[in-house]
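A structural walkthrough
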Amino acid sequence: MKLLSIAGARPNFMKLASIANAVRGINESNPSTLNKIEHIIVHTGQHYDEKMSQKFFDELNIPKPDVNLEVGSMSHAQQTAEIMKRFESVLLKEMPDFLLVVGDVNSTIACTLVASKIIYPDSCEIIRPLIIHVEAGLRSFDRTMPEEVNRILTDSLSDMLFVTEQEAVDNLQNEGINPGKIHFVGNVMIDTLYQHLKLAGKINKKDELGVKEAYGLVTLHRPSNVDKPETLKPIIECLKTISEGLSLVFPLHPRTKNNLQRFKLLDDIEKNDKIKITTPLGYLDFLSLVKDSKLVLTDSGGIQEETTVLNIPCVTLRENTERPVTVTEGSNYLIGTNPEKILEIVGQILAGKGKSSNIPKFWDGKAGDRIVSRILEEFSKF
Ligand code: UD1
């Protein structure tokens, strides 16, 4: 069986790590070379900086990509189109039985679209690969988010949809997806978290950064929050107010750094000794900081899930979330960007009145194994 997986941008890597690990486990437990899974990894190059890409492959023990399409940064249309152009010939050369995509980034939809229309040569037993979407069915119901468009399109073209929470199953069924294609298996990102907690526990990133007291951790990169000065400036002002009572650690995504510079806001926070700015962090460093923090302020998707599992209060600076289980069962507060509201919730958490989480169903570290077993079952029907 030949499986080709796509990795493109930072949040993909933690998910792919779980799949690669599950494939490795199956191959190692299977002495017959005939029945081994051949796992090809294609990196689109959507993220390319060492700190946004290679560091994750190293730390998470993901096999070196067989191919790197080296696409880089450009507009959405150009990036998606460029990935499609470069991926088509790779797909025709490899002709895998399955294409596996994760998450909701431009690389996810670009490669899905190519695979959905590809026609393998007559000599091949199948016409095209079956398309597998891991982390299917999540919906923010906000089509101004590029990721929402990517999710809807990828799900509508996929043959096997692996989901992390019940609401995602409901969303897919409401969109008319055949229930036979939907598999509720849990969360591969959480598999990777459990696998690396011990290692992260050996790191003391807080001390390394010279942070002596309790702290909150901040991440921001959503275009809706960071691309316009009229939204970014009040958020930064709010962070400055919070830092008067709680030190903050703020690893800067390249998009956010560029914009802080453009809007002349960077100097100001760099001078603030209660806000520790860092470059983007590797997986283990970041996990060590989340684990030891008082709270996290973020607009990320995955961090809402990781904080739920770690039972760390998460203040999500967005109007919506595609991961509602983190709010209903987890430690996540969906707040938006109103400074008063943010300060109120942060105050509640610091007063010890934060909510604590239950671990959502199937977030047990075994999602990757369930996915690979299900794929093998499907392959046995070929
Ligand atoms: C992308 C994903 C988003 C994900 C985020 C995580 C899409 C539509 N968006 O957004 O869902 O949450 O990744 O980071 O796919 N840059 C660098 N080095 C890099 C990569 C990017 O400096 O390695 C800079 C470039 O200036 C680039 C900007 O960051 O223009 C944004 O990168 P891009 O991949 O376009 O989008 P993200 O905001 O990272």
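Each chain has its residues counted from 1, running along the sequence as written. This being a predicted model, a pLDDT of at least 70 is required before a residue's local features are given, and a value of 80 or more before pairs of side-chain atoms are given or counted; all residues contribute to the totals for chains, interfaces and linings. Note that water and hydrogens are dropped before the side-chain values are worked out from all heavy atoms of the structure.

Cavity and pocket criteria rest on a 1 Å grid covering protein atoms alone: a 1.4 Å probe that fits but cannot get out defines a cavity, protein on both sides within 12 Å along at least 5 of 7 lines defines an open pocket, and an atom within 4 Å of a point defines a lining residue. Grid points are joined across faces, edges and corners, and a volume is the space filled by probe spheres set on the points. If you walk through the whole model with that rule in mind, you get 1 cavity of 30 Å³ or more. In this structure, the largest cavity occupies an estimated 30 Å³ of space. Along the walls of the largest cavity sit Tyr-283, Phe-286, Leu-287, Val-290 and Glu-306, which together make up its complete lining. Under the DSSP-based scheme used, a helix requires at least four consecutive residues in state H or I and a strand at least two consecutive residues in state E, with every element numbered from the N terminus. Sort the elements by how many residues they give to the lining of the largest cavity and helix α13 (residues 283–291) lands first, with 4 residues. Amino acid classes used here: Ala, Val, Leu, Ile, Met, Phe, Trp, Tyr, Cys and Pro are nonpolar; Asp, Glu, Lys and Arg are charged; the rest, including Gly, are polar. Looking at the lining of the largest cavity residue by residue, the class counts come to 4 nonpolar, no polar and 1 charged.

It is worth spelling out the pattern of salt bridges at this point. Salt bridge, as used here, is a side-chain nitrogen of Lys or Arg placed within 4 Å of a carboxyl oxygen of Asp or Glu. Scanning all chains against the criterion turns up 27 salt bridges. A salt bridge links Glu-378 to Arg-374, with the nearest nitrogen and oxygen atoms 3.4 Å apart. Taken together, the residues span about one helical turn, with Glu-378 and Arg-374 both in helix α17 (residues 367–379) at a distance of 4 residues. Using a relative accessible area of 18% as the deciding quantity, one classes Glu-378 as buried. The network of salt bridges with common partners includes Lys-15, Asp-104, Glu-135, Glu-148, Arg-151, Glu-305, Arg-318, Glu-322 and Arg-323. A 1.4 Å probe rolled over the protein chains alone gives each residue an accessible area, and that area as a share of the maximum for its type sets the label: buried under 20%, exposed over 50%, partly exposed in between.

We now examine the nonpolar core. Grouped together as the largest cluster of nonpolar side chains are 33 residues, with contacts concentrated most on Leu-60, Ile-62, Leu-217, Val-249, Tyr-283, Leu-289 and Val-290. Looking at this core, the elements that each hand over two or more residues are α1 (10–28), α2 (54–59), α7 (188–201), β8 (215–219), α13 and α14 (302–310). The greatest single-element share of this core, amounting to 6 residues, is contributed by α13. An automatic or database domain assignment supplies the start and end points of every domain. Counting only domains with at least three residues in this core, you end up with domain 1 (2–187 + 364–379) and domain 2 (198–350). When near neighbours in sequence (up to four residues on either side) are disregarded, Leu-217 contacts Val-249, Pro-251, Phe-286, Leu-289, Val-290, Ser-293, Leu-295, Val-296 and Leu-297. Core analysis: the second largest hydrophobic core is formed by 29 residues, Val-218, Phe-250, Leu-317 and Ile-335 among them. Buried residues of nine kinds, namely Ala, Val, Leu, Ile, Met, Phe, Trp, Tyr and Cys, make up a nonpolar core once their side-chain atoms join them within 4.5 Å. We call two residues in contact when some of their heavy atoms are within 4.5 Å.

Interhelical geometry of α7 versus α14 gives an angle of 50° and a closest axis separation of 10 Å. In terms of their interaxial angle, α7 and α14 are classed as oblique. For the crossing formed where α7 meets α14, the hand is right-handed. For the pair formed by α7 and α14, the contact residues are Met-189, Ile-190, Leu-193, Tyr-194 and Leu-197 on the first element and Gly-302, Glu-305, Glu-306, Val-309 and Leu-310 on the second. Residues that form the contact of α7 with α14 fall into these classes: 7 nonpolar, 1 polar and 2 charged. Angles shown run from 0 to 180 degrees and are taken between the N-to-C directions of axes, each axis being a line fitted to C-alpha atoms and, for helices, limited to the stretch in contact. An angle counts as roughly parallel when it lies under 35 degrees, as roughly antiparallel when it exceeds 145, as roughly perpendicular when it falls between 65 and 115, and as oblique in every other case. Left-handed describes a crossing in which the near helix is turned anticlockwise from the far one by less than a right angle; the clockwise case is right-handed.

Residues in a regular strand project their side chains so that they alternate between the two faces of the sheet. Most of strand β5 (residues 130–134) sits out of view: 4 of its 5 residues are buried. Strand pairing is defined by DSSP finding a minimum of two bridges between the two strands. Pairing of strand β4 (residues 98–102) with β5 involves 5 bridges; the strand directions are parallel. When the bridges of β5 are listed, Val-102 appears paired with Val-134. Clockwise travel from the first strand over the helix to the second, with the strands pointing away from the viewer, marks a crossover as right-handed. In terms of handedness, the path from β4 via helix α4 (residues 106–117) over to β5 forms a crossover that is right-handed. For the crossover that starts at β5, traverses helix α5 (residues 146–157) and ends in the parallel strand β6 (residues 160–163), the hand is right-handed.

Entries for the protein in the domain assignment read domain 1 (2–187 + 364–379) and domain 2 (198–350). For domain 1 and domain 2, the distance between their C-alpha centres works out to 28 Å. The partner domain 2 presents 17 residues to the 22 residues of domain 1 that form the contact. Run the count over domain 1 and domain 2 and you get 3 salt bridges. Put simply, the parts of the chain that give the side of domain 1 that touches domain 2 at least two residues each are α1, α2 and α5.

Looking now at the site of the ligand. The nearness test applies per residue and asks whether one of its heavy atoms lies within 4 Å of the molecule or strand. Near the ligand you find 17 residues, and of these Gln-46, His-47, Glu-147, His-221 and Arg-255 are the closest. N or O atoms within 3.5 Å of each other form a polar contact, as long as, within protein, one can give a hydrogen and the other can take it, and as long as residues adjacent in sequence are counted only when both atoms are side-chain atoms. One of the side-chain N or O atoms of Gln-46 is found 2.8 Å from an oxygen atom in the ligand. At a separation of 2.5 Å, an oxygen atom of the ligand approaches a polar side-chain atom of Glu-147. Only the protein chains shown count as cover for residues, and the accessible areas themselves come from Shrake-Rupley with a 1.4 Å probe. Coverage of the ligand by the protein amounts to 87% of the 750 Å² it exposes when considered alone. To qualify as sitting in a cavity or pocket, a molecule needs more than half of its atoms within 2 Å of the grid points. Cavity membership is defined here by more than half of the atoms lying within 2 Å of grid points; on that basis the ligand lies in the largest pocket. With 3 residues, helix α11 (residues 254–262) is the largest single contributor of residues to the shell around the ligand. Taken together, the residues that form the shell around the ligand break down as 5 nonpolar, 8 polar and 4 charged.

Most of β4 sits inside the fold, with 5 of its 5 residues counted as buried. Here β4 shows two buried faces, one formed by Phe-98, Leu-100 and Val-102 and the other by Leu-99 and Val-101. Pairing analysis gives 3 bridges linking strand β1 (residues 2–7) to β4, with the strands arranged parallel. If you follow Leu-4 over to β4, its bridge partner there is Leu-99.

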